Amino acid sequence: MAFNHLPAGAHDAFGPLSSTPVTHSVAMADSLRPGPPTAATDARPTPGTVLDRLSRGPGRAARITHTEHLPPRAGRHAVWPDRIRTDVLAAIAAAGAEHPWAHQAEAAELALDGRSVVVATGTASGKSLAYLAPVLSGLADGAAAPNGRGATALYLAPTKALAADQRRAVRELAAPLGHRIRPAVYDGDTPVEEREWVRQYANYVLTNPDMLHRGILPAHPRWSSFLRALRYVVVDECHTYRGVFGSHVAQVLRRLRRLCARYGSEPVFLLASATAGDPALAAGRLTGLPVTEVADDASPRGELVFALWEPPLTDLAGEKGAPVRRTATAETADLLSDLAVQGVRTVAFVRSRRGAELISVIAQERLAAVDRSLPGRIAAYRGGYLPEERRALERALHSGELLGLAATTALELGVDVSGLDAVLIAGYPGTRSSLWQQAGRAGRSGQGALAVLVARDDPLDTYLVHHPEALFRRPVEATVLDPDNPYVLAPHLCAAAAELPLTGPDLELFGPAAEGLLPQLEGAGLLRRRATGWHWTRRERACDLTDIRGGGGRPVQVVEAASGRLLGTVEESAAHTAVHDGAVHLHQGRTYLVKKLDLEDSVALVEEASPPFSTTARDTTAISVLETETEVPWGGARLCFGSVEVTHQVVSYLRRRLITGEVLGEAKLDLPPRTLRTRAVWWTVTEDQLDEARINPEILAGALHAAEHASIGLLPLFATCDRWDIGGVSVPLHPDTLLPTVFVYDGHPGGAGFAERAFDTAREWLTATRDAIAACECEAGCPSCIQSPKCGNGNDPLHKRGAIRLLTRLLAGAPAPPDPPAAAPPGPQEPVGPAGPS
């Protein structure tokens, strides 16, 4: 029997909100009442004082597992390059930035030299101004392109909201320059009557990679004057372009560069990123160009106190009677309430829209019992709100009218909110880069700030709050993407051929895998070779072959049965687990039940309801090895990486009570199996090693299954992925290896680079996995160590002690790490914060 761990698409149940009736903490009762919104910054309590107040009350102090203090840092000024126009410098000075930080001036100098550059510095370090100074200067120059149109620039953001924010910021900054700067948003929401004006007259077009892929590049003849004059391409928040999405964006940018070359332009790429490991390498893989990094953050920073917070165990029991911790949702709502009573302006970052709404509601209810004026100063902020609603919330938070906001990552990506005192992070966001991006939202005006990571009942979160060095002593991750993934590359070769026939010189631009794919695309009847190159042969649009967000296939439309209203869509790859018959579906704060999933017509019919439960799909999985690319001996064991085929079938779903997480029942489903060809890392152990680890046949399946779950939970610490991006299978005797085997695979066709990263860091990854299981205080396994929220086998069988012994024996045979190069004795170790070592 194989035990599996589903990739993206399954739904996590809410778990218990509390094991006891709601009561208000001692911290709230003893805290200060909030002062007026205009209270002076120097009157605010220090971050340490705020944390001390939060820790009051029975058992509160014990929940803080670690506190990290990052000292304040002074800023370092420089001088803008003299090649930037004086009127642009005057406009920048009028906006309050007469003297740039050193990294801003350095990035501008590189851009003016015609060198592509990535600015990878901390939150609120002024990355936007680093690229806007040279861009606005270039546009204001009005340098005539061959057709007489002035220079142009293209801005790419991962979300529509961020592009709209940037247009507002550019308009304000460039107002003194008059009509020489003409910014305009061009995305799916742009009215048809405005689009022609944007194409003909805008010289700073703000859009997203999706619109570039589907709207601009296929219509390049209509954009020819813009592309011919294109001087700069700004890629904002480029750290978000990772995995399959990042790989698609990399090929979209190569298509853009190819068309620009045909029109006679060679734009400079200016990228802005949160702090990331080796940003120049990641930016180079994204753009296909040499990129210079600017990563020395010269902006000032106030003191940051960063606390790790673990909610307590409850008296409730989960699957197999395992102990369950209080949810991060309930704990964060408590902390947000306490901070509001203290008058501390706070944002609580939450992973889901529903979680943001729930935290807001709980906090409002608890504050109503303390002071009737307080609930109105707490709100939620998430995707799906109208732009004017979001603007109003941002203004209210900025002014102090709002004291607390429960927000999804819609607020993380570049929305300018300053003056915050504290940030709560409900569950590790998946990467250290995102963690620091969120924590950096507090203290943006230079004052001290508090950040609190509230752990979920999850192996990775549990590991992190007990191993603070994994957060504070390690650099942020490198961005993982694979532009050569054939499942990504093939549809972009077709799209490129539809834009202009592909020729031999073009293939070098698209990477070494391109040439080998062309005969396959010809055999499939998608391309045809002629004297002028490879041509697209179909009537339909080639750009519709792929969804660059990584979905693939025809999206499933979610339709309200009673009215016929289209609520939204779900990726075809996620439909079996997300909108199966009986599934609970959330949309813009409303809850629906799926009445019927019609796979033939790609429609899920839903009706609005308020069920007291959530649903979790379960499936069975089989995996076969297609090709072993790399194999490393670990004593008698083997660590392997290669291509696999995964076949899984959703067979049932669980209904879980919202408040307690109790399983109310299981319903069978009749859905067809699905096949995924992807990349995986796997390891085998021998009979001798099992004997040495005291693993007998009765506990072998449980030990392998537990090790698989925990290793998937810890992989996001080493690869820029979420546990929902990856899957796993454990088999006591696999037919391809003829040994007990554990597989961890990318949950995307062709792979996303995560399994390869796992292979490269296997020793550290599996050591952390073993340590996380061993450190958990439960007796037989729980969600904090070896249970998975998306296990297709109901977390059965699992054997915690067996997993520890098995991983210990496996690691004993791992090759020793290479000796580090000789170096001078290190000085005192300092924490790694959002701007690197302080």
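For the structure itself, look to the data block above.
Below: a short report on this structure. (Residues numbered from 1 in each chain as written. Predicted model: local features only at pLDDT ≥ 70, side-chain atom pairs only at ≥ 80, totals over all residues. Heavy atoms only, no water.)

Moving on, we get to helix α2 (residues 47-54). Of all the residues in α2, the buried ones are P47, V50, L51, R53 and L54. The arc that holds the buried residues of α2, viewed along the axis, is 160°, so those residues lie on one side. (Buried < 20%, exposed > 50% of the residue type's maximum accessible area, 1.4 Å probe, protein only. Helix = DSSP H or I, 4+ residues; strand = E, 2+ residues; numbered from the N terminus. Arc of directions from axis to C-beta.)

The tendency in soluble globular proteins is for nonpolar side chains to be buried side by side. F306, W634, W683, L717 and W765 are the most contacted members of the largest nonpolar core, which has 88 residues in total. Looking at which element gives the most residues to this core, the answer is helix α23 (residues 697-714), with 9 residues. When sequence neighbours within four positions are dropped, the list of residues in contact with F306 reads H66, T67, E68, I425, L435, W436, A439, A451, L453 and F472. (Core = buried A, V, L, I, M, F, W, Y, C linked by side-chain atoms within 4.5 Å. Contact = heavy atoms within 4.5 Å.)

Mapped onto the elements, G404 comes out in strand β15 (residues 404-407). With 27 residues separating them in the primary sequence, G404 and R377 have C-alpha atoms 6.5 Å apart. Ignoring sequence-local partners within four residues, the contact set of G404 consists of L336, T346, R377, I378 and A379.

Centre-to-centre distance and the angle between the planes together describe a pair of aromatic rings. Tallying each qualifying case throughout the model produces 11 aromatic pairs. Relative to F245, the ring of Y241 lies with its centre 5.4 Å away and its plane at 70°, an arrangement referred to as edge-to-face. For the residue pair Y241 and F245, the accessibility class agrees, reading buried in each case. Judged by centre distance (5.4 Å) and plane angle (80°), the ring pair of F306 and W436 falls under edge-to-face. Here W436 lies in helix α15 (residues 432-439) and F306 lies in strand β10 (residues 304-309), a separation of 130 residues in the sequence. The pair formed by F306 and W436 is uniform in burial state, with each residue classed as buried. Here a set of aromatic residues connected by ring pairs shows up, and it is made of Y131, Y155 and Y204. (Phe/Tyr/Trp six-rings, centres within 6.5 Å; stacked < 30°, edge-to-face > 60°.)

Now for the packing of α23 against helix α25 (residues 762-775). Closest axis-to-axis distance for the α23/α25 pair is 9 Å, and the angle between their directions is 110°. The pairing of α23 with α25 is recorded here as roughly perpendicular in orientation. The way α23 lies across α25 gives a crossing that is right-handed. For the pair α23 and α25, the contacting residues are A706, A707, A710, S711 and L714 in the first and W765, L766, A768, T769, A772 and I773 in the second. By residue class, the composition of the contact of α23 with α25 is 9 nonpolar, 2 polar and no charged. (Axes fitted to C-alpha atoms, helices over the stretch in contact; angles between N-to-C directions. Parallel < 35°, antiparallel > 145°, perpendicular 65-115°, else oblique. Left-handed = near helix turned anticlockwise from the far one by under 90°. Nonpolar A, V, L, I, M, F, W, Y, C, P; charged D, E, K, R; others polar.)

Once that is clear, we can look at the pattern of salt bridges. If you walk through the whole model with that rule in mind, you get 37 salt bridges. For R325, the salt bridge is made with E310, and the minimal N-O distance between the two is 3.4 Å. Of this pair, R325 sits in strand β12 (residues 323-325) while E310 sits in the loop between β10 and β11 (313-317), and the two are 15 residues apart along the sequence. Across the pair, E310 and R325 agree in class, each one buried. Here the salt bridges do not stand alone but share partners, grouping R63, R326, E331, D334 and R366 into one network. (Salt bridge = Lys/Arg side-chain N within 4 Å of Asp/Glu carboxyl O.)

All right, on to the sheet that holds strand β13 (residues 346-350) then. Taken in spatial order, the 7 strands make up an open sheet running β2-β10-β17-β16-β13-β15-β14, and their pairing is mixed. Two strands bound the open sheet, and with one partner strand each, they are β2 (64-70) and β14 (378-381). Strand-to-strand twist in this sheet, taken as the mean axis angle between neighbours without regard to direction, amounts to 15°. The sheet strands contacting helix α12 (residues 328-341) are β10, β13, β14, β15, β16 (422-426) and β17 (449-454), and the helix crosses β16 at an angle near 170°. Sheet contacts for helix α13 (residues 353-368): β13, β14, β15 and β16; angle to β14, the most-contacted strand, approximately 175°. (Pairing = 2+ DSSP bridges.)

Right, let's talk about the side chain of E310 for a bit. With a relative accessible area of 8%, E310 lands in the buried category. Within polar-contact distance, the side chain of E310 engages the side chain of R325 at 3.4 Å. The contacts of E310, once residues within four sequence positions are left out, are R63, T65, R325, A455, T462, V465 and H466. (Polar contact = N/O pair within 3.5 Å; in protein donor to acceptor, adjacent residues only side chain to side chain.)

In any sheet, the strands associate via hydrogen bonds between backbone groups, in a parallel or an antiparallel arrangement. Taken together, 7 strands build an open sheet; the order of strands is β5-β6-β4-β7-β8-β3-β9 and the sheet is parallel. Each having just a single partner strand, β5 (183-185) and β9 (292-294) make up the two edges of the open sheet. Each adjacent strand pair in this sheet contributes to an overall mean axis angle of 20°, direction not counted. The pairing of β5 with strand β6 (residues 204-207) spans 3 bridges and is classified as parallel. Looking at the pairing, V185 lines up with L206 of β6.

In terms of burial, strand β7 (residues 230-235) is a largely internal element, 5 of the 6 residues being buried. Strand direction decides the pairing type here: strand β4 (residues 152-156) and β7, joined by 5 bridges, are parallel. Bridging across to β7, Y155 finds its partner in V234. With 4 bridges connecting them, β7 and strand β8 (residues 268-273) associate as parallel partners. Bridging from a neighbouring strand, V234 pairs with L270 of β8. As a crossover connection, the stretch from β7 through helix α10 (residues 243-263) into β8 is right-handed. (Right-handed = clockwise from strand over helix to strand, strands pointing away.)

Purely spatial values, then, with no claim about function.
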